[in-house]
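Report on the structure
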Number of protein chains: 2
Amino acid sequence: MTNPTIEGIDLRALFEPRSIALIGATDKSPWSLNTFRNIKDSEFEGNVYLVNRRSAVVHGEKTYSALAELPEVVDLVFVMVPTTVVLPTLRDAVDQGVRAAVILTSGFGETGQEGKALEDEIVAFSRASGLTVLGPNGNGFINAAEGITPYGLPIGRPLLTGSVGFVLQSGALASSVLQFAQTRNVGLSFLTAMGNESMMSVTDVMEYLVDDPATSVIALFLESVRDPVEFRRIAHRALQAGKPIVALKIGRSALGARAALAHTGALVGDNSVIDAAFEQMGVIRVRSLEDLILTAGLMASLGGGLPGPRMGVVTPSGGASEIIADRAEDEGLQLPTFSADTTHRLHEIVPDFATVQNPLDVTGYVVIDRTLMRRSLAVVAEDDDVDFAVLLSELPRVPGPDPDAALTAYGESAKNIRTTAVPTVVLSTVLTDVTDYGRSVSNSVDFPHVLGGIEHGMTALSNAVRWGALHRATVAENADVAVDPVPLTFDREPTGMWTEYSAGRLLAEQGVPVVPTTLASTAEEAVTAAAEFGYPVVLKAVADGLGHKSDIGGVRLNLHGPDAVRDAFDSVTSALTELGSRGVATVVQPQRSMDGIEMLVGVVRDPVWGLTLAVGLGGVWVEVLADAAVKVLPVTENDVRQAIEGLRGITLLKGARGTTPVDLDALARTVKTVADVAAGLGDRLQALEINPLMVNGSHCEALDALITWTATDEEKDEEFR
Amino acid sequence: MTNPTIEGIDLRALFEPRSIALIGATDKSPWSLNTFRNIKDSEFEGNVYLVNRRSAVVHGEKTYSALAELPEVVDLVFVMVPTTVVLPTLRDAVDQGVRAAVILTSGFGETGQEGKALEDEIVAFSRASGLTVLGPNGNGFINAAEGITPYGLPIGRPLLTGSVGFVLQSGALASSVLQFAQTRNVGLSFLTAMGNESMMSVTDVMEYLVDDPATSVIALFLESVRDPVEFRRIAHRALQAGKPIVALKIGRSALGARAALAHTGALVGDNSVIDAAFEQMGVIRVRSLEDLILTAGLMASLGGGLPGPRMGVVTPSGGASEIIADRAEDEGLQLPTFSADTTHRLHEIVPDFATVQNPLDVTGYVVIDRTLMRRSLAVVAEDDDVDFAVLLSELPRVPGPDPDAALTAYGESAKNIRTTAVPTVVLSTVLTDVTDYGRSVSNSVDFPHVLGGIEHGMTALSNAVRWGALHRATVAENADVAVDPVPLTFDREPTGMWTEYSAGRLLAEQGVPVVPTTLASTAEEAVTAAAEFGYPVVLKAVADGLGHKSDIGGVRLNLHGPDAVRDAFDSVTSALTELGSRGVATVVQPQRSMDGIEMLVGVVRDPVWGLTLAVGLGGVWVEVLADAAVKVLPVTENDVRQAIEGLRGITLLKGARGTTPVDLDALARTVKTVADVAAGLGDRLQALEINPLMVNGSHCEALDALITWTATDEEKDEEFR
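Quick notes on the rules
Residues numbered from 1 in each chain as written. Chains lettered and ligands numbered in written order. Predicted model: local features only at pLDDT ≥ 70, side-chain atom pairs only at ≥ 80, totals over all residues. Heavy atoms only, no water. Helix = DSSP H or I, 4+ residues; strand = E, 2+ residues; numbered from the N terminus. Buried < 20%, exposed > 50% of the residue type's maximum accessible area, 1.4 Å probe, protein only. Contact = heavy atoms within 4.5 Å. Areas by Shrake-Rupley, 256 points an atom, 1.4 Å probe, with all protein chains shown as cover. Lys, Arg positive; Asp, Glu negative; His and termini not counted. Charge placed at Lys NZ, Arg CZ, Asp CG, Glu CD. Least-squares fit on C-alpha atoms with pLDDT ≥ 70 in both. pLDDT = per-residue confidence, 0-100. Buried area = accessible area lost by both parts, 1.4 Å probe. Salt bridge = Lys/Arg side-chain N within 4 Å of Asp/Glu carboxyl O. Nonpolar A, V, L, I, M, F, W, Y, C, P; charged D, E, K, R; others polar. Axes fitted to C-alpha atoms, helices over the stretch in contact; angles between N-to-C directions. Parallel < 35°, antiparallel > 145°, perpendicular 65-115°, else oblique. Left-handed = near helix turned anticlockwise from the far one by under 90°. Pairing = 2+ DSSP bridges. Right-handed = clockwise from strand over helix to strand, strands pointing away. Phe/Tyr/Trp six-rings, centres within 6.5 Å; stacked < 30°, edge-to-face > 60°.

**What to know about the overall build of chain A**
Secondary structure assignment for chain A yields 24 helices and 31 strands. Seen along its three principal axes, the alpha-carbon backbone of chain A occupies a region of about 95 × 80 × 35 Å. Scored against the burial criterion, the 721 residues of chain A give a buried share of 57%. Within chain A, contacts between residues separated by at least 24 positions form 73% of all contacts whose residues are at least 6 apart in sequence. Accessible surface, chain A: about 27,900 Å² in total, of which carbon and sulfur atoms supply 49%. Averaging the positions of the 55 positive and the 92 negative side-chain charges in chain A gives two centres separated by 4 Å.

The following block contains the structure:
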């Protein structure tokens, strides 16, 4: 391995130690026994010392009563002593010159305030002493590539070595991950369950793995992303390095408590922000442990992604072909029609009564002629419209009547699959274990990776296609999405909520098309403004903190003359007065035709990912469609355009029967401008919402806007008074 | 087994033969060898004869050169002779008194016209001779319950016996089903891959399994449902018998070519009709082979469904708990908060620092105290708000260091799980095989069924909950949905397309609220009608075959006086004349307020399932939401109500901000009336569409309607002229 350094910390001592001391080793602890066995079973080449103050023999081995008695300064101490003894143990280790520690002991921050205080002490001491600590309350780690496994839970054998590096925010799930990876014949380079992440965090280990030549894919189980800035930086490094990151991030069902305006807030769940953030970072999000490992295993076997979504499929089964077709549609994978030449060549291979189509069913005659599949595969993979090929096949589960013949046949297939014109993925029909025998066959003829089952396999293929596209786009574009700060040029403090007039003015100054708006404090001012615009006009209430004006009769449309304007002014202002509103101003605007389509463009601050853009159909559509395109800021115009294309309401924008098609480029430009204003306003912005943005052909105009500012500390104090 | 008789055919001879002759047995055929081996491996107690005209010894056994030479008349002939010899072979068998045949031979209908003719001959002969035939082009069958396995593909051993009966419309997938069932420790009673279904069809075998006491769950892989009436009848019998049917029906991605009106047709894909039909029949539809077998296996272990959606979950892992919570939300399963009593009792069991919540994570201390899980389970299962319990646990994969202790522990758990206050399902974290060792542990301590992995397990649990509800509803209600025929009382032939006037009149006569409509052939008739309604009015073109009137300027709204009506009449009729329309009539209607919500209510004829109702939001919503509730006719008012509740647009109907809530009971009543009219019109109806049905509070009124009639044979002939 290389010698990566994180913030000046040398991770080699931690993850690639040449000697380990197990402190608190005891026959009474299953963790101690597991750790010792794991290290021994991996045939660790360095020295392992057991330290126990009282017993002379533990796990059948001689012990040392203190670290000081060891014949050398170890690279790593693996700490299993009681909670209260951890800090003294670390002090002792540092005194001896130790640079790295794994703390398996629990009872710290996860148990409450008292534990948290102890944990803080440990962190402070370790930082001050240059000691790198993994844990506490973790499992340790498995450096499979180097055969170093100081790890406290049983490791099912054989431990398969490969290039997937796992970082998990769950100790118990690590066993399931190991088990499933083994059954799918997915080898790992590294695995750790983080524990409390008091010093080393997920992102630190991710960065180690980005730099680790033994790792080609990083697989994550995440409960929370603690440092999104760091996470994004490392995700970008990984994408540039061509190392896919696949993540199972839980909490899909939670709707976060996000201070937001009603409409945009309702559209932007935590989950959609995570989806957006991950997609924008090139991190592939999956929804199950099975998908995590299958996707990671596939991409490790491919050395990255797939070149495109068009697959050519060869199967021995019509039923399986149809399941594949259904799942391909679900997953956005394409099954192009074979070219005339491909079709012609396939007809020469398959039986007369076979139907030549994609997926290809070579028919049950494969029982008689075992070469049907591989000969068909070679032809399919040469079709110009095929980005990759899929062969529905699997490893044997148990030895058949003639194992040698089977081995020869698998060997022939393996050679054929490895030499197809496009990448070929071998896919089994259902998700069952690769058995020991299957693995031995695979190893002896160097058979390619077998993706586990059509159901999850199609998801994994789709993930590999998506990542491939993201990777190519990043390498090709390296888009610059830097944003200019937006100055606040007019005489109002950015606090509380800015309604229509101020918000609209700010947006208009920054180049967002906003309907002309005149402030009117008296009925006559309103009439004057109306005359200037020409009738009909709209009159609306202006009041601080008043979000939904229409709910309290604060919006009057279609005013056709001075009397109507005066009436409207009176009724709106008296409604405001009744509500006890501090101000009683109104705004007058020209009445716009409602022939266009109402859009909603909002930006809200996500507590983890920061300012996040949501675009969707506005008006009543918001609640009915509950459909918004979400992107974490900053964004490119292309990001916005893609997001809009993905809306469920896109049919309407493209001109459903009777409506004028929207100029999507113009819309994307406007939304991008709004996004840049929001990003440029920076930390003070809490939320910004345009509802509606009226869109008619290529004409976009904001008819109403709101901005909420982040409370300053003083303002927050005031709230609590 | 019982002695079920399907249309006078005794299936005992076929599926429970006491003697079998393999005709065309030869060492050259893998199918012959497989079949022979399978029968021997199952220790079939009857006689097996090999018939081969030329070789004296096949598969190491003595052969007979003809059926006539056998010492007895066999119950079943298993036919593997060349295609052209099949018919003579059957003749010979019938001459000998044989009553049942499995035809493995292919080359029939599946290969084209010539093969089809041969197949037809075989069917005609068999019917005439009282011979029951399974196949041709099938695999044979596996009667696991009775140990009778005349089956042409290898059967992975051990063949696990249980109560799931499989009927598959795919030969090749049968091997995957067998493999996956074995790895999940799901035992089967019966399995057959149907082949060409020339005589015995899927529904025949389903009925056999409904009557088979060894079968408690029926699992189907379907490419097509050939006889929907029969399918529905048997599904109903199965539901009443308490035997769940689980089906993987492929072709989800296909959009059928259905003669339909534009709007409703676009909303009702083949797939949604299948979903609706299955749901209404109580058939649980799944999307993967894994889900098919996991759901069937779970329900076989439960002996039916689950009592409700509220689950109490006990796990040893916080991470797993969170994945379960996410998946529960996906699947509509509920995680009720534990009662104060439950919480109190759990606190006494789990470590101090554990958080007591649902799902419960007993923490890693389970490594020290293995009783934590089962003690917690007992408490959770006694919570009043819990319908069933889930224990996250699994069988061991390989023997541990102390197998006896493990066995004792699993035995204790098994006892505990079997005695919980509510049903308990054991669920593993990931989907891996139950190994041979795991199965032996399970068998020796009678450990409950282990559901395979959280991802698919939650789907299976949800399916069992859904089926339980359907089963209870059927037993409780036994709803009568008989429909009265609707007479056609007025002087127009039900042919072609009936637009607004005729369609509206028909619906109004049957009690559907339709906007008053007067036919006007001259401008003055239009003015007279308008005066009667009172202004404003609407004037619309009437012309046969004119679907979308508004596209050609055939609709004029908001006519406020006689001149406007005359103008409108002139422009509409000249538009019609320009189009070369045969008639130039118009209708006049009072102008309705558009304050309500436009709904679309349509009925279309599905080629498989017949008349199918679709209800959704109308107007522009149709294309944007693409959201319709679909039900196969006939329906109850409750069916309709449930369907409407499931619409994505339900927020709007329930009164999204600013709109009047719709009286859903009134809406359901109106839709039910429309559905009954459609069902009552019977075979002649091709499609019926009301668009819009204007709904305002409890007021529903059809503003426009279309009816398309099924072309008679003469009309079809005419089209081709």
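There's plenty left to go through after this.
**Details of the relation of the copies chain B and chain A**
Each copy superposes on the other: chain B lies on chain A with an RMSD of 0.2 Å after a rotation of 180° and an axial shift of 0.1 Å. The symmetry that links the two subunits is that of a two-fold axis. Both copies contact each other with a shared surface, as 100% of the interface residues of chain B are interface residues in chain A too.

**Here's the deal with the confidence of the model for chain A**
Residues and elements named next belong to chain A. The pLDDT averaged across chain A works out to 90; a share of 92% of its residues lies at or above 70. For the stretch residues 1-6, pLDDT sits under 50, and the model shows 23 contacts to residues farther than four places along the chain or on other chains. When the criterion is pLDDT under 50, residues 255-262 qualifies, and its contacts beyond four places in sequence or with other chains add up to 22 contacts. Quick note on the complex model: pTM equals 0.92, ipTM equals 0.91.

**Observations concerning the interface of chain B and chain A**
The partner chain A presents 69 residues to the 69 residues of chain B that form the contact. Summed over both sides, the interface between chain B and chain A buries roughly 5,900 Å², with carbon and sulfur atoms accounting for 56% of that surface. Connecting chain B to chain A are 5 salt bridges. The salt bridge involving Asp433 of chain B is made with Arg397 of chain A; its shortest N-O contact spans 2.9 Å. Only helix 2 (30-41), helix 5 (171-183), helix 10 (289-302), helix 11 (318-331), helix 16 (454-477), helix 20 (621-625) and helix 22 (650-653) of chain B provide two or more residues apiece to the side of chain B that touches chain A. Top contributing element to the side of chain B that touches chain A by residue count: helix 11 of chain B, with 10 residues. For the side of chain B that touches chain A, the residue count by class is 28 nonpolar, 22 polar and 19 charged.

**So, the environment of Tyr365 of chain B**
By the secondary structure assignment, Tyr365 of chain B is in the loop between strand 17 (360-361) and helix 13 (372-380). On a C-alpha basis, the gap between Tyr365 of chain B and Val350 of chain B in space is 8.4 Å, while along the polypeptide they are 15 residues apart. Once you skip the residues sitting within four places of it in the chain, Tyr365 of chain B turns out to touch Ser106 of chain A together with Pro351, Phe353 and Leu372 of chain B.

**Some words on the packing of helix 6 (residues 202-211) of chain A against helix 7 (residues 228-240) of chain A**
Residues and elements named next belong to chain A. Axis separation between helix 6 and helix 7 bottoms out at 10 Å; the angle between their running directions is 15°. Classified by the interaxial angle, the pair formed by helix 6 and helix 7 is roughly parallel. Handedness of the crossing formed by helix 6 with helix 7: left-handed. Residue-level contacts link Thr203, Met206, Glu207, Val210 and Asp211 of helix 6 to Glu230, Phe231, Arg233, Ile234, Arg237 and Ala238 of helix 7. Along the lines of polarity and charge, the residues of the contact of helix 6 with helix 7 split into 5 nonpolar, 1 polar and 5 charged.

**Examining the sheet that holds strand 16 (residues 311-315) of chain A**
Sheet strands line up and pair through hydrogen bonds in the backbone, either parallel or antiparallel. All names here are of chain A. On the basis of which strands lie adjacent, the open sheet formed by 5 strands has the order 17-16-18-19-20 and parallel pairing. Every interior strand has two partners, whereas the edge strands, strand 17 (360-361) and strand 20 (450-451), have only one. When strand 19 (residues 424-427) meets strand 20, the two strands line up parallel, connected through 2 bridges. The residue bridging Leu427 from the neighbouring strand is Leu451, located in strand 20. Contacts from helix 13 (residues 372-380) reach strand 16, strand 17, strand 18 (388-392) and strand 19 within the one sheet, and its direction differs from that of strand 16 by about 170°.

**A few points about the pairing of strand 12 (residues 188-193) of chain A**
Residue and element names in this part refer to chain A. Judged by how many residues are buried, strand 12 sits mostly within the fold: 6 of 6 residues are covered. Across 3 bridges, the pairing between strand 10 (residues 140-142) and strand 12 is antiparallel. Residue Ile142 lies in a different strand from strand 12, and its bridge partner there is Leu191. Inspection of the sheet shows strand 11 (residues 161-168) paired to strand 12 by 6 bridges, in the parallel sense. Bridge pairing links Leu168 to Ala193 in strand 12. Handedness of the crossover joining strand 11 and strand 12 through helix 5 (residues 172-183): right-handed.

**Some words on helix 13 of chain A**
Most of helix 13 of chain A is tucked away, with 7 of its 9 residues classed as buried. Looking at the packing, one finds that the buried side of helix 13 of chain A touches strand 16, helix 12 (340-347), strand 17, strand 18, helix 14 (403-418) and strand 19 of chain A.

**Things to note about the pattern of salt bridges**
Residue and element names in this part refer to chain B. In the structure shown here, the tally under the stated rule is 59 salt bridges over all chains. The closest approach of N and O atoms between Asp75 and Arg18, which form a salt bridge, is 2.9 Å. Pair noted here: Asp75 is in the loop between strand 6 (61-64) and strand 7 (76-79) and Arg18 is in the loop between helix 1 (12-15) and strand 3 (19-23), with a separation of 57 residues, a long-range link. Looking at Asp75, the relative accessible area reads 13%, which means it is buried. Residue Arg18 is classed as exposed on the basis of its relative accessible area, which comes to 62%. We note a salt bridge from Asp330 to Arg327, for which the minimum N-O separation is 3.0 Å. Within this pair, Asp330 and its partner Arg327 are both found in helix 11, separated by 3 residues, close to a single helical turn. Among the residues examined, Arg327 registers a relative accessible area of 1% and is labelled buried.

**Thoughts on the sheet that holds strand 6 of chain B**
Residue and element names in this part refer to chain B. Taking strand neighbours across the sheet as the criterion, the 7 strands line up as 5-6-4-3-7-8-9 in an open arrangement whose pairing is mixed. The outermost strands of the open sheet, each flanked by one partner alone, are strand 5 (57-58) and strand 9 (132-134). Relative to strand 6, strand 4 (residues 47-51) runs parallel, the two sharing 2 bridges. Paired with Leu50 across the strands is Thr63, a residue of strand 6. Strands strand 3, strand 7 and strand 8 (100-103) of the sheet are contacted by helix 3 (residues 86-96), whose axis makes an angle of about 165° with strand 7.

**Describing the packing of aromatic side chains**
In this description, a pair of aromatic rings is defined by centroid distance and the angle of the planes. Across all of its chains, the model carries 24 aromatic pairs over all chains by this definition. Their ring planes at 15° and their centres at 5.7 Å tell us that Phe231 of chain A and Phe278 of chain A sit as a pair that is stacked. Placement of the pair is Phe231 of chain A in helix 7 and Phe278 of chain A in helix 9 (residues 270-281), with a sequence separation of 47 residues. A single burial state applies to Phe231 of chain A and to Phe278 of chain A, both of which are buried. On the numbers, 6.2 Å between centres and 90° between planes, the contact of Phe278 of chain B with Trp609 of chain B is edge-to-face. Of this pair, Phe278 of chain B sits in helix 9 (residues 270-281) while Trp609 of chain B is found in the loop between strand 26 (597-606) and strand 27 (610-617), placing the two residues 331 residues apart along the sequence. Overall, Phe278 of chain B belongs to the buried group, its relative accessible area being 1%. Among the aromatic residues, those joined into a cluster by ring pairs are Phe15, Phe141, Phe190 and Tyr208 of chain A.

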